[in-house]
Amino acid sequence: MKNSTTPLMLSSKGSLKKNRFIILVFISVISLSSCVNVKKATYFNEIPDTEFKSRFQNMEPVIKENDLLSISVSSLNPEATEVFNASNVSVTQTSTATGTTTQASGYLVDHEGFIRFPFLGTIKAAGKTKQQLREEITKELIDRKLLLEPIVDIRYLNYRVSVLGEVKDPSVLTIPSEKVTLLEALGLAGDLTVYAKRDNILLIREEGNVKKLIRLDLTSEEIFTSPYYNLKSNDIIYVEANKSKVASTSRVNQWLPIIISSLSLAVIALDRFL
């Protein structure tokens, strides 16, 4: 009996073997490069159910040079208060979490720490809390009999933090609520990438003429009781890339040409001997 196998069938079988070989090589490469330590990519590893009491709540920041303040005044006589709200004309542009820009008008604290308020003239603002400045302006308005039962409200217009490095959306975040935690800031920046070094977050904080560099560990429960868990205006957060990203980038650049050459040689060998 004659063998019914045709050259076309032999060619098809050879092509099938080559395709299977290439697929197996790619699966092997992907499997070897995808080994990840899960603990290094998660927060708060193995922290049980518990509760933490913060010792650093209700710490109102003091006003500093270059702060932009919104100062609004109201009273029983709306017409009389208009003049005190008309001078909020300093314009600034700020970046938001969405990457857009907004314009805000307010009182800019100059390099000597003063603001210039209608009828009251120059007022020292730097070094005071919002509550202290509010009480001072209210007292002056009453003592000078400019308004009856005035209500003064003060807010920061440039309360912002910067998040850089291994996050989805590095950006400068404007915080309307004037209060933000480290985790909230990271969330607003799109969260950490899988390549972020979670146990070595760098916080850069300026206090007076001194810049502080603080390392924070997001894998530890101590982050919740840290005095740096609640951020301050102008804080900078830098998320460093872990060794996996650097190593994977180096391995890809080093091994990709070799892998491609090896696959080419394997295909040529299969084509000749099958």
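Every chain is numbered independently, its residues counted from 1 as its sequence is written. Per-residue local features of the predicted model are confined to residues with pLDDT of at least 70, and side-chain atom pairs are confined, for both listing and counting, to 80 or more; whole-chain, interface and lining totals are unaffected and use all residues. The side-chain quantities take in all heavy atoms of the structure and omit both hydrogens and water.

Going by an unreviewed UniProt entry, the protein chain carries the name Polysaccharide export outer membrane protein and comes from Salegentibacter holothuriorum. UniProt positions are given in the numbering used here, feature names are shortened, and annotations may be inferred rather than shown by experiment. Quoted verbatim from the Subcellular location (unreviewed entry) field of the UniProt record, the comment on the protein chain reads "Cell outer membrane".

Visitor: Even after reading the chapter, I still don't get the overall build of the protein chain, so can you show me in this structure?
Guide: Scanning the protein chain for helices and strands turns up five helices and eleven strands. A buried classification covers 30% of the 274 residues belonging to the protein chain. Residues are treated as being in contact if the distance between any of their heavy atoms lies within 4.5 Å. For the protein chain, restricting intrachain contacts to residue pairs at least 6 apart in sequence, the fraction spanning at least 24 positions comes to 61%. Split by element, the accessible area of the protein chain, about 17900 Å² in all, is 57% carbon and sulfur. Strands here are runs of E lasting at least two residues and helices are runs of H or I lasting at least four, both read from the DSSP assignment and numbered beginning at the N terminus. Each residue gets one of three labels from its accessible area relative to the maximum for its type: buried under 20%, exposed over 50%, partly exposed in between, using a 1.4 Å probe on protein chains only. Shrake-Rupley sampling with a 1.4 Å probe provides the accessible areas, and residues are treated as covered by the protein chains on show and by no other component.

Visitor: Quick question: what am I supposed to make of the side chain of Ser70 here?
Guide: Relative to the helices and strands, Ser70 resides in strand β1 (residues 68–74). When residues no more than four places from it in sequence are discounted, the contact partners of Ser70 are Asp153, Ile154, Arg155 and Leu157.

Visitor: Sorry, what's going on with the pairing of strand β7 (residues 160–165) here?
Guide: Within a regular strand, side chains alternate between the sheet's two faces. One requirement defines pairing of two strands: DSSP has to find at least two bridges between them. The pairing of β7 with strand β8 (residues 171–174) spans four bridges and is classified as antiparallel. Pairing of Arg160 across the sheet is with Thr174, part of β8. Counting the residues that bridge the hairpin from β7 to β8 gives five residues. Sheet topology note: the β7/strand β11 (residues 236–239) ladder contains four bridges and is parallel. Paired with Leu164 across the two strands is Tyr238, which belongs to β11.

Visitor: In this structure, what is going on with the nonpolar core? I would like to understand it.
Guide: As a rule of thumb, nonpolar side chains are buried together in soluble globular proteins. Nine residue types can take part in a nonpolar core, namely buried Ala, Val, Leu, Ile, Met, Phe, Trp, Tyr and Cys, and a core is a set of them joined through side-chain atoms within 4.5 Å. By size, the foremost hydrophobic cluster in this structure holds 43 residues, and its most contacted members are Ile71, Phe117, Leu133, Ile137, Leu186 and Ile237. In this entry, domain limits derive from an automatic or database-based domain assignment. When residues of this core are assigned to domains, at least three map to each of domain 1 (62–156) and domain 2 (160–246). Once residues within four sequence positions are removed from consideration, Leu133 is found in contact with Ile63, Leu69, Ile115, Ile123, Lys124, Ala125 and Ile154.

Visitor: Where do I start with the packing of aromatic side chains in this structure?
Guide: Geometrically, a pair of aromatic rings is defined through the distance of the ring centres and the angle of the planes. Only Phe, Tyr and Trp rings are paired, with Trp represented by its six-membered ring, and only when their centres lie within 6.5 Å; those with planes under 30 degrees apart are stacked, over 60 edge-to-face, the remainder tilted. For the coordinates displayed, the defined rule picks out five aromatic pairs. Ring centres 6.2 Å apart and planes at 20 degrees place the aromatic pair Phe84 and Phe117 in the stacked group. On the criterion of sequence distance, the pair formed by Phe84 in helix α2 (residues 78–85) and Phe117 in strand β4 (residues 114–117) is long-range, its members being 33 residues apart. Relative to Tyr229, the ring of Phe224 lies with its centre 5.8 Å away and its plane at 55 degrees, an arrangement referred to as tilted. In this structure Phe224 comes out as partly exposed when scored by relative accessible area, which is 24%. Take Tyr229: its relative accessible area is 16%, and that puts it in the buried class. Put simply, the rings of Phe84, Tyr107, Phe117 and Phe119 touch in pairs and so form one group of aromatic residues.

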